[in-house]
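If you want the building blocks of each chain, they are given just below.
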Amino acid sequence: MTQRSPSTPHVAVLIGTRKGLFIARSDAHRTHWAIDGPHMPGYEIQSALLDPRQPTRGWAAAHHPVWGVHLYETSDAGKTWTPLDEVPRHGADDGPDSLQMIWSLAPGPADQPGRLLAGIEPPGLFISDDGGRAWRPLSGFNAHPDRIHWSPAKGGLAVHSVQVDPQNPQRCYAALSAGGVYRSDDGGVTWRALNQGIRAPYLAGAQPHCGHCVHRLLVHPARAGRCYQQSHHGLYMSDDGGEHWHEISAGLPSDFGYALATDPHDPDVIVCVPEDSSQFRATVDGRLRVYRSRDAGAHWEALTNGLPQENVFVTVFRDGLESDGLDPLGLYLGTTSGHLFASADGGDHWTSLAGYLPGILCVRATVMERTDR
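## Some remarks on the sheet that holds strand E20 (residues 256–263)
Taken in spatial order, the 4 strands line up as E20-E21-E22-E23 in an open sheet, and their pairing is antiparallel. Each edge of the sheet is formed by a strand with only one pairing partner; in this case those strands are E20 and strand E23 (301–303). Ignoring which end each strand starts from, the neighbouring axes of this sheet average 30° apart. Note that strand E21 (residues 266–275) and strand E22 (residues 290–293) share 3 bridges and pair antiparallel. Considered in E22, the bridge of Cys272 is made with Tyr291.

Listed below in structure tokens is the structure:
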């Protein structure tokens, strides 16, 4: 009789690029990788994930200047993808006032396996309870009184960083550029801005209520209330669910950047990629450096081993840095030049997994259990 061996974890890293989706796969040792793709060739993949609640299932948001915006799903861990009939949008048509881009896809709470959230442009939040087959607007956000103060940033008016709080399934977060951080405590019915303590010299007033250009927001799964934010001016930490923000940029070569990642088991570990400035938006001094703090931003160290340190003028987008949650921690970094780097020891050492992909827009890692027969 054939016996089943114990299940072992393996990692799937979804890599959304300007010309399709690629997937890198490895076992838990993360020393040998196989990359397949492109899936959805020709489409820009702005957001893609395998569902942590059921990792064989996943979604990808695909955009094409001629063919439009589509939402794809997989039921076999990314081996095959099929388009869904519906997309989250403000109206019934496909005009620019209805939908220009799906910027963010996020799984719902663990006890609601069919729930999926989406952030789009023009700014809107939508929710599905059947895995993306039908969508309904979160009108408390979409018709928020603050909307008149939201304005496009360089990358558009994007609702991104949509997340359900792992500690409280009724609490949801969303950030938008430019508008700020918003939180709902009633499952998405009502929303309020949480931007106290964020520097915003481009806005009128000393402490503007909203209108902030947020680049990335992360809600930590291991400590209730712990959040990190990369804003247009500075990197910030909150320990009360975003009610108050404390800047932690000191020690970094720049207060500008996009990408953040955390260790999901240690709320004090935060990783970022500083960039030169709003005007240049590329790596500082032409060096690809990942910065890590193990004390919630009080001290920083540059991680460079295995990363190029001369004439590297690339951008890492807000979804271009990811961790896998394994021990030791795996980190994945994708650049606009199409380079994908990985570390299997929390960033101490890096290796190149791919060097000639199309420009990378997003990276998402999922740990899956595999049973070998």
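Structure's up, so let's keep going.
## Quick look at the sheet that holds strand E7 (residues 82–83)
A sheet is described by the order of its strands in space; here 4 strands give the open sequence E4-E5-E6-E7, paired in antiparallel fashion. Each edge of the sheet is formed by a strand with only one pairing partner; in this case those strands are strand E4 (44–50) and E7. Bridging between E4 and strand E5 (residues 58–64) involves 6 bridges; their strand directions are antiparallel. If you follow Leu49 over to E5, its bridge partner there is Trp59.

## A short note on the environment of Gln100
By the secondary structure assignment, Gln100 is in the loop between E7 and strand E8 (101–107). Residue class for Gln100 comes out partly exposed when judged on its relative accessible area of 34%. Residues Gln100 and Gly68, spaced 32 residues apart in sequence, show a C-alpha to C-alpha distance of 8.3 Å. Apart from residues no more than four positions distant in its own chain, Gln100 is found in contact with His63, Val69, Glu121 and Pro122. Engagement of the side chain of Gln100 in a polar contact is seen with the backbone oxygen of Pro96, the distance being 3.1 Å.

## Regarding the packing of aromatic side chains
Think of a pair of aromatic rings as described by two things: how far the centres are apart, and how the planes are tilted against each other in angle. On inspection of all chains with the given rule, the structure shows 9 aromatic pairs. Judged by centre distance (5.7 Å) and plane angle (80°), the rings of Trp33 and Tyr332 are edge-to-face. Placement of the pair is Trp33 in the loop between strand E2 (20–27) and strand E3 (34–39) and Tyr332 in strand E25 (residues 331–334), with a sequence separation of 299 residues. Residue class for Tyr332 comes out buried when judged on its relative accessible area of 0%. Here the aromatic rings of Phe141 and Trp150 are separated by 5.2 Å at their centres, their planes lie at 35°, and the arrangement is tilted. Put simply, the rings of Phe141, Trp150, Tyr182 and Trp191 touch in pairs and so form one group of aromatic residues.

The rules behind the values
Residues numbered from 1 in each chain as written. Predicted model: local features only at pLDDT ≥ 70, side-chain atom pairs only at ≥ 80, totals over all residues. Heavy atoms only, no water. Pairing = 2+ DSSP bridges. Helix = DSSP H or I, 4+ residues; strand = E, 2+ residues; numbered from the N terminus. Axes fitted to C-alpha atoms, helices over the stretch in contact; angles between N-to-C directions. Buried < 20%, exposed > 50% of the residue type's maximum accessible area, 1.4 Å probe, protein only. Contact = heavy atoms within 4.5 Å. Polar contact = N/O pair within 3.5 Å; in protein donor to acceptor, adjacent residues only side chain to side chain. Phe/Tyr/Trp six-rings, centres within 6.5 Å; stacked < 30°, edge-to-face > 60°.

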